[in-house]
Amino acid sequence: MAAMWSPIIGLLLLLLQLAPSSSSYIQLPLEGSVHPVGYFYVTMNIGGKPYSLDIDTGSNLTWLECKYPGHQCNTCKGPHRPYEPNRHHKKVMCGDQFCTDLHKDLPHYPEPRCYTQHPHECHYHIQYVGGTSSEGFIVNDTVSVDVLSPSLPSRRVQIFFGFGCGCNQKPLKDSPVDGVLGLGMGKVGFVAQLKAHNVIRKDIIGHCLSIDGGGYLFVGEHHLPDHITWAPMRKYSHYYTPGPAQLLLGGEKIGSQKMVVFDSDKQDMQGINSVWVFQVKRSVSGSLQRVTDHALPVCWKGPFQSIQLVKRKFKPLALEFTNKVMHIPPENYLALTGEKNVCLGILQTPKAGGQMIIIGDVTMQDLLVIYDNEQKRVGWISKQCKHTLEIPSINAL
Ligand SMILES: *[C@@H]1O[C@H](CO)[C@@H](O)[C@H](O)[C@H]1NC(C)=O
Ligand SMILES: *[C@@H]1O[C@H](CO)[C@@H](O)[C@H](O)[C@H]1NC(C)=O
C-alpha cells in the first residue's frame, strides 16, 4: 500500500511546490536613505551576479547599466560592474510579444515600433519625470528570489525575465545604483512577470522606507496589519493614485485640490505650488532663521542633531481625499542636510506643472504603503520600517 501511494504523494508534493501557495510572497531588504544616499534600493541576483536597483513604483521597465555586444554603450558608474549578456543569453526580438507589451507600457515611445538602426532587437527608451533617461535593448536572463509563505520553508526560485540592458543613460554620472526596478502596473513590470511565472499569485506590492535608512519591499501576499487606510486606486497619467486631494497645513486649506500620485522613486513631493511653501515659511518665521543650503532650496539654520528636535516648530500636513485623510507629520516633509540644517523635502519640477502632488520617499518614510493591483486599491499605515529580520536573499548573494 505504502509503495503504491508514494508516487502519488510524490506527485502531489511536486504539484504543491509548483503551485504558488495562496499566500506566497518575496521580501527584499532595502538599503539607502532619503539623505544622503537619495535612493532606496534592493540588491538582486540577475544572471548570477548582484545588482542594486532603485525601487520605482512610477515606471514599468526594469533595467541595468549594461554593455551590449556590438553597441557603443555610455553607462554610469554604479556600485557593480555593468551587466554583460553572455553568449548564451536570450535576446528579446522586436517581434516578440514582450516587446509589443513593452512599447504599450512606455507612454511616449515613438513609432515606428522597431528601431531603425537595429530592427531585430527590442529597443526601449525611458524618460523619467526628473529629466533622467535610459535607452537600450531588452534581454532575457535569470533572476533569483527567495519565496516565502507562512506554511512552507523559504525556497529559492530562479525565473527568466525580460529587462532592459541600459546602454545609454543620461545624465552620465556616478550612481549608488546599477539600475531601476520597475514596479509600475504594466505587463512588463517585475511583479507582473513574477505572477506570470507563478512565483506569486497576487500582484500586490508593499514598501516600508525607514526614517533611519533601509527598510523592506515585498511583493505578493504578505501579512498586512489591521487598520490600514485604503483608498480605491485610480489611474492618472500612468501612475498609482488614490485620486485628487486637498492639502491642509495645520488644518487650514492650502490651494485647490490636486491629483496625488505615489511614486517611490521621487525623492520629494513635487508640484505643490508655492502657496504652500509660502505658508510653511510664514508659520515658522518667528522661531527659525532661513539659511542657504546647497542640498535643498528652502532651509532653516541648524545645527540640528535630528528632525525630532525641530519638528515641533512645524505644523502637520494632511491630504484630504474623498472621505480618507493622509496625515503627514513634519518629519515626513522635512529633511536634515549634511550641514545639519532642516529643509523642506520638496522640490518643484517645472514639468509637474503644479498639477499633481507626488508623494515620494520623504513622505513615505516610516509608512507601510501598499499597492494592491488585485483589488485596485492603495493603502498606507504608519509603521517603524527598520527591519531586524534575517533575510536569506541577501545572505546568499
Ligand atoms: C525568456 O526565456 C525563457 C526561456 O527560454 C522563456 O520561457 C521566456 O518566455 C523568455 N522571456 C522573455 C521576456 O522573452
Ligand atoms: C505602465 O504600463 C501600463 C500598462 O500598459 C500603462 O497604463 C502605464 O501608463 C505605464 N506606466 C508608466 C509610468 O509608464
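Residues numbered from 1 in each chain as written. Chains lettered and ligands numbered in written order. Predicted model: local features only at pLDDT ≥ 70, side-chain atom pairs only at ≥ 80, totals over all residues. Heavy atoms only, no water.

On to the sheet that holds strand β16 (residues 290-291). Reading across the sheet, the four strands line up as β16-β17-β21-β20 and stay open at both edges, with antiparallel pairing between neighbours. Each edge of the open sheet is held by one strand with a lone partner, namely β16 and β20 (334-336). One ladder, built from two bridges, connects strand β17 (residues 299-300) with strand β21 (residues 342-344); its direction is antiparallel. The residue bridging C299 from the neighbouring strand is C343, located in β21. (Pairing = 2+ DSSP bridges. Helix = DSSP H or I, 4+ residues; strand = E, 2+ residues; numbered from the N terminus.)

Inspection of the entire model under this criterion finds 11 aromatic pairs. Both rings, one in Y51 and one in Y83, keep their centres 6.1 Å apart while their planes meet at 70°; by these two values the pair is edge-to-face. Remark: Y83 occurs in the loop between β4 (63-65) and β5 (90-91) and Y51 occurs in strand β3 (residues 49-56); sequence separation between them is 32 residues. Note on accessibility: Y51 and Y83 belong to one class, buried. Pairing Y240 with Y371 gives two aromatic rings, centres 4.7 Å apart and planes at 40°, and the pair type is tilted. (Phe/Tyr/Trp six-rings, centres within 6.5 Å; stacked < 30°, edge-to-face > 60°. Buried < 20%, exposed > 50% of the residue type's maximum accessible area, 1.4 Å probe, protein only.)

In the vicinity of ligand 1, the contacting residues are K90, V92, F98, N140, F160 and G162. Contact between ligand 1 and N140: an oxygen atom at 2.4 Å from a side-chain N or O atom of the residue. When ligand 1 is considered free in solution it has 360 Å² of accessible area, and contact with the protein chains removes 56% of it. Taken together, the residues that form the shell around ligand 1 break down as three nonpolar, two polar and one charged. (Near = heavy atom within 4 Å. Polar contact = N/O pair within 3.5 Å; in protein donor to acceptor, adjacent residues only side chain to side chain. Areas by Shrake-Rupley, 256 points an atom, 1.4 Å probe, with all protein chains shown as cover. Nonpolar A, V, L, I, M, F, W, Y, C, P; charged D, E, K, R; others polar.)

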